[in-house]
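Read off the chains here:
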Amino acid sequence: MLNIILSAALHPGRVLLVLGFFTILAVSRLPDLRVEITAEGMMVNNPPAIAEYERTLDTFGSENITVVYLEDPDLFEPGNLAIVQQTLKNIQAIPQVNRTGSLFSVRYLRTVDGFVYTDPYLKTIPDTREAADALMQAALLNPLIERNLLSTDGSVMAINLYFDMDSYQRGFDEEVALLLDQAIKPLQQSFRKVFHLGDPSVRTGISEQIRADQQLILPFALTVLVMTLAFTLRHWQAAMIPLLTAGMSVIWILGLMAALGIPVNVMTSIVPALLIIVGSTEDIHLLSEYQVVISKGKGNMTAIKLMAKYMGIAIALTFVTTFLGFLSISLNRIDLLQQFGLIAALG
């Protein structure tokens with residue numbers, strides 16, 4: 001460590017050139033960085049168990065359901081039902097939607113004049129509110145509909161959406177959530193409450209929150225770090241050094257994540273803030289020792305030599321123990337923890 005610090009002090013231009021090269025290289029990979037929120041990341045990395053899980057999905061299918069929630073006291077007005085029917089057609093036109101379940105598709109088994117009919121409850125929109133209310137009461141007699149697709153007072157309706165997960169790929173959740181937002185927008189102008197809830201909307205919401213947190217937490221952490229160091233060390237240039245090293249470390253690790261195909265998830269999203277907090281401790285020790293020597297009237301190079309002599313071993317041991325501590329987390333069989341341990345250690 002002593003030789004590394006002294007070599008860097010004697011050849012600052014070369015060091016900055018190398019650091020600049022790797023920083024630019026990392027920045028070039030940032031567009032490939034993706035945010036991915038999936039429940040599969042919490043699964044234990046056990047190939048036989050995963051294979052059995054996939055065979056179960058192939059046999060019985062996935063219950064990956066998104067619910068479109070509609071609420072309005074005049075929900076069963078013929079005009080409102082017609083709007084819902086048109087919106088449902090728009091939803092069914094979304095390529096990722098495999099099928100839907102609602103009063104517009106559930107069969108209504110009945111006999112009329114000795115003939116058996118199995119048309120869906122709302123295959124045809126009733127002409128009057130009285131006819132619509134009668135149809136609503138008939139639907140509530142079906143236990144599979146009551147409090148499932150329709151509330152007991154008829155003011156809330158649910159439309160279940162089933163997706164073709166064979167087409168799942170990067171950007172699936174964001175695209176589906178956007179298309180559903182566009183499809184239900186006409187309903188939001190006519191009904192008291194309309195929204196969709198399911199894996200695409202939840203994962204998209206979490207991804208957006210992670211992006212928003214990074215834009216808020218990282219600048220806040222860096223600001224607190226700089227202000228604290230400037231106040232304690234009483235030198236703004238000394239405060240900027242941890243800022244540069246922390247910022248460069250964050251850029252490098254994000255670029256490395258993009259290169260390795262490791263996404264930003266609920267665990268790896270905390271690594272940038274962690275690097276700023278944990279990674280600045282070595283800088284503070286080195287700067288403090290340097291400032292002590294400078295305060296005694298010594299020159300810059302002498303201060304650097306003494307700093308490297310007295311703090312080099314301690315900093316090296318701090319690095320090794322921290323690195324191995326985070327790396328040990330990657331031995332976990334859960335993918336999310338493996339990725340967090342590896343990225344935190346490398347960072």
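The structure under discussion appears in the preceding block.
Predicted model, so just to flag it, every value in this text is computed and none were measured.

Novice: An account of the packing of helix H1 (residues 2-10) against helix H10 (residues 300-329) is needed here, citing residue identities and associated values.
Specialist: For the pair H1 and H10, interaxial distance at closest approach is 9 Å and the crossing angle is 160°. By the angle between their directions, the pair H1 and H10 is classed as roughly antiparallel. Like other packed secondary-structure pairs, H1 and H10 cross with a definite hand, here right-handed. Across the interface between the two elements, Leu2, Ile5, Leu6, Ala9 and Leu10 from H1 touch Met301, Ile304, Lys305, Met307, Ala308 and Lys309 from H10.

Novice: Report on the sheet that holds strand S6 (residues 193-197), specifying residues and quantitative values.
Specialist: Taken together, the four strands give an open sheet; going across it, the order is S2-S5-S1-S6, and neighbouring strands pair in antiparallel fashion. Both edges of this open sheet fall to strand S2 (97-101) and S6, since each of them pairs with a single strand only. Geometrically, the sheet is characterised by an average inter-axis angle of 20° between neighbouring strands, direction not taken into account. As paired strands, strand S1 (residues 65-71) and S6 are joined by five bridges and run antiparallel to one another. Paired with Val67 across the bridge in S6 is Leu197. Contacts from helix H6 (residues 172-188) reach S1, strand S5 (156-163) and S6, with the element oriented near 165° to S6.

Novice: Can you lay out the side chain of Thr204 for me, pointing to particular residues and giving the numbers?
Specialist: Residue placement: Thr204 occurs in helix H7 (residues 199-233). Separated by 2.6 Å, the side chain of Thr204 and the backbone oxygen of Pro200 make a polar contact. Setting aside residues no more than four positions away along its own chain, Thr204 makes contact with Asp173, Glu174 and Ala177.

Novice: Give a detailed account of the environment of Phe231, specifying residues and quantitative values.
Specialist: Residue placement: Phe231 occurs in helix H7. Using a relative accessible area of 67% as the deciding quantity, one classes Phe231 as exposed.

Novice: Just give me the short version of a nonpolar patch on the surface, but keep the residues and values in it.
Specialist: Taken together, the side chains of Val18, Phe21, Phe22, Leu25 and Trp252 make up a nonpolar region of the molecular surface, amounting to roughly 480 Å² of accessible area. The leading source of residues in the nonpolar patch is helix H2 (residues 12-29), at four residues. Residue placement: Leu25 occurs in helix H2.

Novice: Can you explain the layout of surface pockets? Please cite residues and give values.
Specialist: Its boundaries defined by the atoms lining it, the largest pocket holds a volume of some 2200 Å³. Lining the largest pocket are 46 residues, and of these Ile241, Thr245, Met248, Asp283 and Leu286 lie nearest its centre. Of all elements in the fold, only H1, H2, helix H8 (236-260), helix H9 (271-295), H10 and helix H11 (335-346) reach the threshold of two or more residues within the lining of the largest pocket. With 13 residues, H8 is the largest single contributor of residues to the lining of the largest pocket. When its residues are assigned to classes, the lining of the largest pocket shows 33 nonpolar, eleven polar and two charged.

Novice: How would you explain the packing of aromatic side chains if you had to name every residue and give the values?
Specialist: Within the structure shown, the criterion is met by six aromatic pairs. Arranged with centres 5.4 Å apart and planes meeting at 75°, the rings of Phe21 and Phe22 form a pair that is edge-to-face. On the basis of relative accessible area, Phe21 is assigned to the exposed category, the value being 52%. On the accessibility criterion, Phe22 (40% relative accessible area) is partly exposed. A connected cluster of aromatic rings, assembled from ring pairs, spans Phe21, Phe22 and Trp252.

Novice: Mind laying out the nonpolar core, listing which residues take part and the relevant values?
Specialist: Within the largest apolar cluster, 37 residues are counted, with the highest numbers of intra-cluster contacts made by Leu70, Phe76, Val84, Ile91, Leu103, Leu150 and Met157. Those elements that place two or more of their residues in this core are S1, helix H4 (78-92), helix H5 (129-140), S5 and H6. Once you skip the residues sitting within four places of it in the chain, Met157 turns out to touch Val68, Tyr69, Leu70, Leu75, Phe76, Leu81, Val84, Leu103, Phe104, Leu122, Leu149 and Leu150. Judged by nonpolar contacts, the second largest core, of 23 residues, contains Leu254, Ala273, Phe326 and Ala345.

Criteria and thresholds
Residues numbered from 1 in each chain as written. Predicted model: local features only at pLDDT ≥ 70, side-chain atom pairs only at ≥ 80, totals over all residues. Heavy atoms only, no water. Axes fitted to C-alpha atoms, helices over the stretch in contact; angles between N-to-C directions. Helix = DSSP H or I, 4+ residues; strand = E, 2+ residues; numbered from the N terminus. Parallel < 35°, antiparallel > 145°, perpendicular 65-115°, else oblique. Left-handed = near helix turned anticlockwise from the far one by under 90°. Contact = heavy atoms within 4.5 Å. Pairing = 2+ DSSP bridges. Polar contact = N/O pair within 3.5 Å; in protein donor to acceptor, adjacent residues only side chain to side chain. Buried < 20%, exposed > 50% of the residue type's maximum accessible area, 1.4 Å probe, protein only. Patch = residues over 30% accessible without salt bridge, like charges linked within 9 Å, V, L, I, M, F, W, Y side chains within 5 Å. Areas by Shrake-Rupley, 256 points an atom, 1.4 Å probe, with all protein chains shown as cover. Salt bridge = Lys/Arg side-chain N within 4 Å of Asp/Glu carboxyl O. 1 Å grid on protein atoms, 1.4 Å probe; cavity = no way out; pocket = protein on both sides within 12 Å on 5 of 7 lines; lining within 4 Å. Points joined across faces, edges and corners; volume = space filled by probe spheres on them. Nonpolar A, V, L, I, M, F, W, Y, C, P; charged D, E, K, R; others polar. Phe/Tyr/Trp six-rings, centres within 6.5 Å; stacked < 30°, edge-to-face > 60°. Core = buried A, V, L, I, M, F, W, Y, C linked by side-chain atoms within 4.5 Å.

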